[in-house]
Amino acid sequence: MSSDVTEPKWSLRLPADCSIAAIRSVYELIREAFGRQDRLEIDCSSVDKADVTSIQLLLSTAKTGEAQGRPVVLTSFSQSLRNTLRRAGIASDAMIDQHFPHKKDGT
């Protein structure tokens, strides 16, 4: 067991399908990963199908993490997820930053 002094995190890559048809399994993946560590990093790069249910789930996850003092960070938004965010009314990067804690690509 390593004695890393950095905050422990658990990384999860979302599946390609995060639409309403698959949201139950996506929810279970996030719930399981969220229970493992104090900090959760969610890689959004593989998302090909997304709709408002996936946005709602990610918002809820981020807000739950914030309320519990357990950071949830989103990484590598796919173009499909960005398009869905725009359709949901989260049009700019500043709005994304406001609603979803995330790491920008390469940082």
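Once a new chain begins, its residue numbering starts again from 1 and follows that chain's sequence as written. In keeping with the predicted nature of the model, local features appear solely for residues at pLDDT of at least 70, side-chain atom pairs appear and are counted solely at 80 or more, and the whole-chain, interface and lining totals rest on all residues. In computing side-chain values, all of the structure's heavy atoms are included and hydrogens and water are not.

In this section: the nonpolar core. Throughout, nonpolar core names a set of buried Ala, Val, Leu, Ile, Met, Phe, Trp, Tyr and Cys residues whose side chains join them through atoms within 4.5 Å. To sort residues, take the accessible area from a 1.4 Å probe on protein chains only and compare it with the maximum for the residue type: under 20% means buried, over 50% means exposed, and anything in between is partly exposed. Judged by nonpolar contacts, the single largest core of 24 residues is most densely connected at Leu 14, Ile 30, Leu 40, Ile 42, Leu 58, Leu 81 and Phe 100. Those residues in contact with Ile 30 that sit more than four places away from it in its chain are Leu 12, Leu 14, Leu 40, Ile 42, Leu 57, Leu 58 and Thr 61. When checking whether two residues touch, look at their non-hydrogen atoms; a contact exists if any pair is within 4.5 Å.

Now for the packing of aromatic side chains. Pairing of aromatic side chains here covers Phe, Tyr and the six-membered ring of Trp, requires ring centres within 6.5 Å, and sorts the geometry by plane angle: under 30 degrees stacked, over 60 edge-to-face, intermediate tilted. Applying the stated criterion to the full structure yields zero aromatic pairs. Consider the ring centre and the ring normal. A charge sits over the ring if Lys NZ or Arg CZ is within 6 Å of that centre and within 35 degrees of that normal. Cation over ring: Arg 70 sits above Phe 34, and NZ or CZ is 4.3 Å from the ring centre.

Let us look at the pairing of strand E5 (residues 72–75). The alternating pattern of E5 places Val 72 and Leu 74 and Val 73 and Thr 75 on opposite faces, both of which are buried. We call two strands paired when DSSP finds no fewer than two bridges between them. Helical segments are the DSSP runs of H or I of at least four residues, strand segments are the runs of E of at least two, and each set is numbered from the N terminus. Summarising the sheet, strand E3 (residues 39–43) and E5 pair through four bridges and their orientation is parallel. By the bridge assignment for E5, Leu 40 is matched with Val 72.

Across the five residues of E3, five count as buried, placing the element largely inside the fold. Residues of E3 alternate between two faces, with Arg 39, Glu 41 and Asp 43 on one and Leu 40 and Ile 42 on the opposite face, all of them buried.

Taking 1.5 Å as the rise per residue, helix H1 (residues 23–34) with twelve residues should run 16 Å; its terminal C-alpha atoms sit 16 Å apart, in good agreement. Of all the residues in H1, the buried ones are Ile 23, Val 26, Ile 30, Ala 33 and Phe 34. Mapping the buried residues of H1 onto a view down its axis gives an arc of 100 degrees, with all of them on the same face. What a helix should span is 1.5 Å times the count of its residues minus one. Throughout, the arc means that of the directions going from the helix axis to the C-beta atoms.

The next thing to look at is the packing of H1 against helix H2 (residues 52–67). Between N-to-C directions, angles span 0 to 180 degrees; the directions come from axes that are lines fitted to C-alpha atoms, helices contributing only their stretch in contact. Two elements in contact, H1 and H2, have axes whose closest approach is 11 Å; the angle formed by their N-to-C orientations is 15 degrees. Here H2 runs roughly parallel to H1, going by the angle between their axes. Seen along the crossing, H1 lies across H2 with a hand that is right-handed. Between H1, through Ile 23, Val 26, Tyr 27, Ile 30 and Phe 34, and H2, the contact on the second element is made entirely by Thr 53, Ser 54, Leu 57, Leu 58, Thr 61, Thr 64 and Gly 65. Under the scheme applied, nonpolar residues are Ala, Val, Leu, Ile, Met, Phe, Trp, Tyr, Cys and Pro; charged residues are Asp, Glu, Lys and Arg; polar residues are all the others, including Gly. For the contact of H1 with H2, the residue count by class is seven nonpolar, five polar and no charged. By definition in this entry, angles of less than 35 degrees are roughly parallel, angles greater than 145 are roughly antiparallel, angles of 65 to 115 are roughly perpendicular, and the rest are oblique. Crossings are sorted by hand: turned counterclockwise from the far helix by less than a right angle, the near helix makes the crossing left-handed, and turned clockwise it makes it right-handed.

Okay, the pattern of salt bridges next. Definition used for salt bridges: Asp or Glu carboxyl oxygen within 4 Å of a side-chain nitrogen of Lys or Arg. Inspection of the entire model under this criterion finds six salt bridges. Across the pair Arg 24 and Glu 28 runs a salt bridge, and its minimum N-O distance is 3.5 Å. On the criterion of helical spacing, the pair formed by Arg 24 and Glu 28 is a turn pair, its members being four residues apart in helix H1. When the shortest N-O distance is used, the salt bridge between Arg 39 and Glu 41 registers 3.6 Å. Glu 41 matches Arg 39 in its accessibility class, with the two residues each being buried.

Such coordinate-based values are descriptive only and should not be taken to indicate function.
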